[in-house]
Amino acid sequence: VDADLPMDALCAGYEAHHWESTSNCLHACGMLWAFGVLALMLLRQKRWPMLALVPPCWYLFAWTGHFVYQADVPAVFTYGTTLRGWSLGEWCSIKAFAAGRTVSAREDLLLTFACAVATYLGHRASA
């Protein structure tokens, strides 16, 4: 995916790079966690250090999906080499998630939910 492509072409390239359902479930789970951390940070004022948790929440799940399930290199390493490419690529991922294109099958939705709950329970148990 070329970082200098127009946004529509970049989004199409991003979505073409995300074809494996378990990997997509992990992407969605990471996004849910990242958005959850952001929401908690905003609701509980003066929690700015929590902002440091957003990238690991987002990327560790997504990269696990790429390296383990798709057996490829994350697209962010190609289009994300510029600030424009990275920000548009991440916007494409949010847009695809919100439109239901990242995870849409019932079993994938259940897997995403199970991943998020298991991560939460694991975090609670270790706290």
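Residues numbered from 1 in each chain as written. Predicted model: local features only at pLDDT ≥ 70, side-chain atom pairs only at ≥ 80, totals over all residues. Heavy atoms only, no water.

1. Side note on unusual backbone geometry
This is how the line gets drawn: Only DSSP runs of H or I with at least four residues qualify as helices, and only runs of E with at least two residues qualify as strands; both kinds are numbered from the N terminus onward. The buried label applies to any residue whose accessible area, calculated with a 1.4 Å probe on protein chains only, is under 20% of its type's maximum; exposed applies above 50%, and partly exposed to all values in between.
The phi torsion at Ala71 lies on the positive side, around 55 degrees, for a residue other than glycine. When you line up the elements, Ala71 lands in the loop between α3 (54-70) and α4 (76-79). For Ala71, a relative accessible area of 63% gives the class exposed.

2. A word on the environment of Glu90
The criterion, for reference: Only heavy atoms enter the contact rule, under which two residues are in contact if any of them lie within 4.5 Å. For the purposes of these results, a polar contact is taken to be a pair of N or O atoms within 3.5 Å, where, inside protein, one atom must be able to donate a hydrogen and its partner to accept one; residues adjacent in sequence count only when each atom of the pair is a side-chain atom.
Within the secondary structure layout, Glu90 lies in helix α5 (residues 83-98). Relative accessible area serves as the criterion here: at 9%, Glu90 is assigned to the buried category. Not counting chain neighbours up to four residues away, the residues in contact with Glu90 comprise Trp58, Tyr59, Val76 and Tyr79. At a separation of 3.1 Å, a polar atom in the side chain of Glu90 contacts the side chain of Trp58.

3. Focus on the packing of aromatic side chains
Rules: Stacked, tilted and edge-to-face are the three classes assigned to paired rings of Phe, Tyr and Trp, where Trp is represented by its six-membered ring and a pair needs centres within 6.5 Å; plane angles under 30 degrees give stacked, over 60 edge-to-face, the rest tilted.
Evaluated as defined, the whole model comprises 3 aromatic pairs. A ring pair is formed by Phe35 and Trp58, whose centres lie 5.7 Å apart and whose planes are at 85 degrees; its orientation type is edge-to-face. Linking Phe35 in helix α2 (residues 21-43) with Trp58 in helix α3, this pair joins segments that are 23 residues apart in sequence. Under the relative-accessibility criterion, Phe35 is labelled partly exposed at 32%. Ring geometry for Trp63 and Phe77: centres 5.2 Å apart, planes at 40 degrees, overall tilted. Pair noted here: Trp63 is in helix α3 and Phe77 is in helix α4, with a separation of 14 residues, a long-range link. For Trp63, a relative accessible area of 28% gives the class partly exposed. Phe77 gets classed as partly exposed once you look at its relative accessible area, which sits at 42%.

The values reported here are purely geometric and, on their own, carry no functional implication.
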